[in-house]
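# Reading the structure
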There are 2 protein chains.
Amino acid sequence: MTPAVRIGVAGLGTVGIGVLRLLSQHADLLARRCGHRLVVDAVSARDRTRDRGVDLSSVRWFDDAAALAEDPRIDVVVELIGGAEGTGRKVVERALASGKPVVTANKALLAVHGGDLVPAAERQGVALAFEGAVAGGLPIVKTLREGLVANSLDSVVGILNGTCNYILTQMRETGRDFAEVLAEAQALGYAEADPSFDVDGIDAAHKLAILAALAFNGRVDFADVMVEGIREISALDIDFAEILGYRIKLLGIARRGANGQVALRVHPAMIAPGKPIASVEGVLNAVVAHGAPVGSVMSVGPGAGAGPTASAVVADLVDVVRGHNPPGFGAPADGLPPLAVAPPDDRLGAYYLRLMVVDRPGVIADIAAAMRDHTISVESLVQRGRAPGESVPVVIVTHDTSERQMLGAVARIAELDAVLEPPRLIRIEQMDD
Amino acid sequence: MTPAVRIGVAGLGTVGIGVLRLLSQHADLLARRCGHRLVVDAVSARDRTRDRGVDLSSVRWFDDAAALAEDPRIDVVVELIGGAEGTGRKVVERALASGKPVVTANKALLAVHGGDLVPAAERQGVALAFEGAVAGGLPIVKTLREGLVANSLDSVVGILNGTCNYILTQMRETGRDFAEVLAEAQALGYAEADPSFDVDGIDAAHKLAILAALAFNGRVDFADVMVEGIREISALDIDFAEILGYRIKLLGIARRGANGQVALRVHPAMIAPGKPIASVEGVLNAVVAHGAPVGSVMSVGPGAGAGPTASAVVADLVDVVRGHNPPGFGAPADGLPPLAVAPPDDRLGAYYLRLMVVDRPGVIADIAAAMRDHTISVESLVQRGRAPGESVPVVIVTHDTSERQMLGAVARIAELDAVLEPPRLIRIEQMDD
């Protein structure tokens, strides 16, 4: 029998316990597949006394996760603490500095510091594997980095946050408003007590930054990702989207334009329901990569949770044990250029604009004039309902226009006396075929 | 600069030319990603004089593909001749015997002889890579073998033949019958002049045999795959499927039952349209893998064509160049047990049965009695339309029953005087969630 591989796991939250369970339950299967037994030798977490429902009696305990990372008996370090800074970061840095391969599911760390950590790992000649950091059970890192390695990709578009997709799906199916569905999602455990990380799009932006680095073989500055969450999506807009034949999803979009710059955007978007990604509902994630010569390839599956994320973490462990260590961001990191990112208002596309206006003569003319003065071509402009002197919704759909022009027109429209609430702007997204 | 990798390509059909084009167009991208230049050093095909639209002047020509496979200057052999026997097989065997890694897109060869070739490659310590053999541009071999390596899979279900999916999609969208849509598909180049390989399910069965070997780490005897094509699907059945809320797809199904035996079946199936795979239309392929702890993961994309298949072949080349060579069927081949395959009539599931009967009193009672006598529980039994003394369709949907009982009932029903045409039986497939 070949020697066992000794694993140190830093972080025993839901995913950490999921990894321990999986390594134990599939110990024989994994040994058969990769030729070595994968043995948890040491763990670290904050509170040793807490009952986590797994037997830790044969495992060494470290109060100090950084010490675990440097422990000479450990062959591979698994970092599941999370966070762009603090202990999680220290564990990864110490392990790499000690020449140990690292497997992590820490999306914030990779998104913010991946541009330094990935080259550091490559200089040390050890793996820094992070399949679990993006889209949980979907092997999307491997798909982009290896499966589609022969392609020149021009876009990666994804539903990257299951909480948001669940909320938007529920809103559409039940007609309820955001706050109500969020409260229910929190009660069911699909959303955190502090939901801002999910619903404001930060989590999706972390994943998008990693996907963009992989797809375009570049260093991504996380501050370059434009982020807009789903708090402002109302039941009214979801209704109008259905009427217009669209479905609203929170998308992460990395798309290379004709000038070579890559747009990096996270925001709610309207998608035609004929597109396969439009039918990905509930907590599922999906990623569509488009490039030449392959065309479009989509992966759909569970994007979070102990089981799916453990599946990704242990797959990385098997790669490490098999000695498989392709370049972290798809090409050797010391030659990775910073990704040239397009300004967000360079976007060229169609828009949905919904206003609440006083139902009186002349309002539509003022709105139309603002669009004309910003050279925006309007596909439809419809007042929904009649209520003279009262507030009624007006829905505008544009032809392709630049975001700069659109924002100019929206600013002017917002100042009209007859416009009673802040305008709601939702981008209409064409998927590549 | 690291040395170039010299590639020999045997077979210059659509895919072969696609590979040559891709290696040329993405030469710099690939060199950056994998650290070596991938250079086509030699090719072989039947007719040297044919103009294939690519410049072969700097490439050595072999009339004898087997000689190319053994040529000492060649580092990797790419076999794109196809076929379970003949030259394609010889090229792969000779290359492996010469200790050369092989990349192939030959699904028939892998399905029929994979159980010998994969162990042969492993004994030699060289790669036998076959991503291009299943579902073209989808990196499904890598997904099953590496991305989901930590899982115990219980089913792999796929739309594995784009020609059949195109025909069934067209039939549904236009209401036309099989023969008419097939003729159109042939005119458009979506179906071969001799379509039997596709429409009779053989091509899908080849791919299913490979997926099953990967998912369950076993040797598959291709003769164990139960195969039924789409020739008998009529516009009438597609209509009734819609009415009942189902969509008809040709599925390849590998599913492990409670007794450990694996069902291996290719046949048309009715799927509830809420399932993501039901909305995969046209020439696209899709594969859903279900297992623990990941749940369901689906990949969707182009399953054939020069570009997508070349994408897979060149991805395999990059793996070979990176020295990445995991066990061909997911676990070392010398320890692979033969897969225990369930008899096809062990299937437990629901059925759609459509009859053409004389519209007269007593017929329904005779049919119902046949179902009762085979202890089949009927969910619905509906005569569609009225035409006393004439032929009318009767559609029956059963609750879960064994295929053995179902076939017994169908045989008895077929013998009734009032039943005018051979009964049409279509399995209703529940997808794992």
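Because the structure is a prediction, the values reported are computed rather than measured. (Residues numbered from 1 in each chain as written. Chains lettered and ligands numbered in written order. Predicted model: local features only at pLDDT ≥ 70, side-chain atom pairs only at ≥ 80, totals over all residues. Heavy atoms only, no water.)

### Concerning the overall build of chain A
Within chain A one finds 14 helices and 17 strands. Since a compact globule built from 433 residues should have a radius of gyration of about 22 Å, the 24 Å found for chain A is in line with a globular shape. In terms of overall dimensions, chain A has C-alpha extents of about 85 × 45 × 35 Å along its principal axes. Scored against the burial criterion, the 433 residues of chain A give a buried share of 60%. (Helix = DSSP H or I, 4+ residues; strand = E, 2+ residues; numbered from the N terminus. Rg over C-alpha atoms; globule rule 2.2 N^0.38 Å. Buried < 20%, exposed > 50% of the residue type's maximum accessible area, 1.4 Å probe, protein only.)

### Some thoughts on the sheet that holds strand S1 (residues 5-10) of chain B
All names here are of chain B. Reading across from one edge, S3-S2-S1-S4-S5-S6 is the order of the six strands in this open sheet, with parallel pairing throughout. One side of each edge strand has no neighbouring strand; the edge strands of this open sheet are strand S3 (60-62) and strand S6 (128-129). Bridge analysis of strand S5 (residues 102-104) against S6 gives two bridges, and the strand direction is parallel. Bridge pairing in S6 links Val102 to Leu128. Where helix H4 (residues 87-97) meets the sheet, its contacts fall on S1, strand S4 (76-79), S5 and S6, and the angle it forms with S4 comes to roughly 165°. (Pairing = 2+ DSSP bridges. Contact = heavy atoms within 4.5 Å. Axes fitted to C-alpha atoms, helices over the stretch in contact; angles between N-to-C directions.)

### Quick look at the pattern of salt bridges
Residues and elements named next belong to chain A. Under the defined criterion, the tally for this structure stands at 66 salt bridges over all chains. Across the pair Arg60 and Asp41 runs a salt bridge, and its minimum N-O distance is 2.5 Å. Separated by 19 residues along the polypeptide, Arg60 in strand S3 (residues 60-62) and Asp41 in strand S2 (residues 38-44) bring together distant segments of the chain. Note that Arg176 and Glu184 form a salt bridge whose closest N and O atoms lie 3.3 Å from each other. On the basis of relative accessibility, which here comes to 26%, the residue Glu184 falls in the partly exposed class. (Salt bridge = Lys/Arg side-chain N within 4 Å of Asp/Glu carboxyl O.)

### Notes on the packing of aromatic side chains
Under the counting rule described, the total for this entry stands at four aromatic pairs over all chains. On the basis of an interplanar angle of 65° and a centroid distance of 5.9 Å, the ring pair of Phe130(B) and Phe329(B) is categorised as edge-to-face. Placement of the pair is Phe130(B) in the loop between S6 and helix H6 (140-147) and Phe329(B) in the loop between helix H12 (306-321) and strand S13 (348-358), with a sequence separation of 199 residues. Here Phe130(B) and Phe329(B) have matching classes, each one buried. Seen from their ring centres, Tyr166(B) and Tyr190(B) are 4.6 Å apart, and the 70° between their planes marks the pair as edge-to-face. Placement of Tyr166(B) in helix H7 (residues 162-174) and of Tyr190(B) in the loop between helix H8 (178-188) and helix H9 (196-199) is noted, with a sequence separation of 24 residues between them. Overall, the relative accessible area of 9% leaves Tyr166(B) in the buried class. Residue class for Tyr190(B) comes out partly exposed when judged on its relative accessible area of 40%. Residue placement shows Arg347(A) over the ring face of Tyr351(A); its charged tip is 4.8 Å from the ring centre. (Phe/Tyr/Trp six-rings, centres within 6.5 Å; stacked < 30°, edge-to-face > 60°. Lys NZ or Arg CZ within 6 Å of the ring centre and 35° of its normal.)

### Focus on H6(B)
Because each turn of an α-helix spans 3.6 residues, side chains separated by three or four positions end up pointing in the same direction. With eight of its eight residues buried, H6(B) lies for the most part within the structure. Among all positions in H6(B), only Ile140(B), Val141(B), Lys142(B), Thr143(B), Leu144(B), Arg145(B), Glu146(B) and Gly147(B) are buried.

### A few points about the relation of the copies chain A and chain B
With an RMSD of 0.1 Å, chain A superimposes on chain B once it is rotated by 180° and translated 0.0 Å along the axis. When the rotation and shift are considered jointly, the pair of chain copies conforms to a two-fold rotation axis. Across chain A, the smallest distance between a C-alpha and the rotation axis is recorded for Ser299(A), namely 2.3 Å. Of all interface residues in chain A, 100% are interface residues in chain B too; the two copies therefore contact each other through one and the same surface. (Least-squares fit on C-alpha atoms with pLDDT ≥ 70 in both.)

### As for the side chain of Ser234(B)
Residue and element names in this part refer to chain B. For Ser234, the location among the structural elements is in the loop between strand S8 (226-227) and helix H11 (235-244). For Ser234, a relative accessible area of 14% puts it in the buried group. Here the side chain of Ser234 touches Arg354 through a polar contact of 3.2 Å, side chain to side chain. Contacts of Ser234, omitting those with residues within four sequence positions, involve Met171, Asp177 and Arg354. (Polar contact = N/O pair within 3.5 Å; in protein donor to acceptor, adjacent residues only side chain to side chain.)

### Details of the domain arrangement of chain A
All names here are of chain A. Taken as a whole, chain A is organised into domain 1 (4-133), domain 2 (140-301 + 335-344) and domain 3 (347-428). Distance between the C-alpha centres of domain 1 and domain 2: 28 Å. Facing eleven residues of domain 1, the contacting portion of domain 2 comprises 13 residues. Of the roughly 980 Å² buried at the junction of domain 1 and domain 2 (both faces included), carbon and sulfur atoms supply 62%. For the interface between domain 1 and domain 2, the tally reads two salt bridges. Linking Asp203 and Lys107 is a salt bridge whose minimum nitrogen-to-oxygen distance equals 3.5 Å. Counting the contacts that link domain 1 with domain 2 gives six residue pairs in polar contact (both at pLDDT 80 or more). Here the side of domain 1 that touches domain 2 is built from residues that sort into seven nonpolar, one polar and three charged. (Domains from an automatic or database assignment. Buried area = accessible area lost by both parts, 1.4 Å probe. Nonpolar A, V, L, I, M, F, W, Y, C, P; charged D, E, K, R; others polar.)

### Overview of the interface of chain A and chain B
Taken together, the contact between chain A and chain B spans 46 residues of the former and 46 residues of the latter. Counting only elements with at least two residues in the side of chain A that touches chain B, the list comes to helix H2 (27-34), helix H6 (140-147), strand S12 (295-302) and helix H12 (306-321) of chain A.

### Considering the pairing of strand S10 (residues 262-271) of chain A
Consecutive residues of a regular strand have side chains that alternate between opposite faces of the sheet. All names here are of chain A. Counting buried positions over the ten residues of S10 gives ten, a clear majority of the element. In the sheet, strand S8 (residues 226-227) pairs with S10 via two bridges, with the strands oriented parallel. Within S10, the residue paired with Val227 across the bridge is Val266. The pairing of strand S9 (residues 247-256) with S10 spans ten bridges and is classified as antiparallel. Paired with Ile248 across the strands is Met270, a residue of S10.

### Details of the nonpolar core
Grouped together as the largest cluster of nonpolar side chains are 172 residues, with contacts concentrated most on Ile167(A), Ile167(B) and Leu264(B). Contacts of Leu264(B), omitting those with residues within four sequence positions, involve Leu208(B), Ala212(B), Val220(B), Asp224(B), Val225(B), Met226(B), Ile253(B), Ala254(B), Leu339(B) and Val341(B). Counting residues in each nonpolar core, the second largest holds 35 residues, with Leu22(B), Leu38(B), Val43(B) and Val318(B) among its members. (Core = buried A, V, L, I, M, F, W, Y, C linked by side-chain atoms within 4.5 Å.)

### Comments concerning the sheet that holds strand S1 (residues 5-10) of chain A
Residues and elements named next belong to chain A. Taken in spatial order, the six strands line up as S3-S2-S1-S4-S5-S6 in an open sheet, and their pairing is parallel. What marks the edges here is a single partner per strand, and that holds for S3 and strand S6 (128-129). In terms of strand pairing, S2 meets S3 through three bridges, oriented parallel. Residue pairing for S3: Ser44 is matched across the bridge by Phe62.

### Considering the packing of H6(A) against H6(B)
With their axes 10 Å apart at the nearest point, H6(A) and H6(B) run at an angle of 130° to one another. Between H6(A) and H6(B), the interaxial angle falls into the category oblique. Regarding H6(A) and H6(B), the two cross each other, and that crossing is right-handed. Note on element contacts: H6(B) touches H6(A) through Lys142(B), Thr143(B), Glu146(B) and Gly147(B), opposite Lys142(A), Thr143(A), Glu146(A) and Gly147(A). For the contact of H6(A) with H6(B), the per-class residue count stands at no nonpolar, four polar and four charged. (Parallel < 35°, antiparallel > 145°, perpendicular 65-115°, else oblique. Left-handed = near helix turned anticlockwise from the far one by under 90°.)

### Brief notes about the side chain of His206(B)
Residue and element names in this part refer to chain B. Its location among the elements puts His206 in helix H10 (residues 202-216). Judged by relative accessible area, His206 falls into the buried class, the value being 5%. Each residue touching His206, except ones within four places of it in the same chain, is listed here: Lys107, Ala108, Ala111, Val112, Phe197 and Phe222.

### What to know about unusual backbone geometry
The omega torsion across Ala292(A) and Pro293(A) is 5°, close enough to zero to call that bond cis. Structurally, the position occupied by Pro293(A) is in the loop between strand S11 (284-292) and S12. For Thr375(B), which is not glycine, the phi torsion reads 50° and is therefore positive. Here Thr375(B) lies in the loop between helix H13 (363-373) and strand S14 (378-383).

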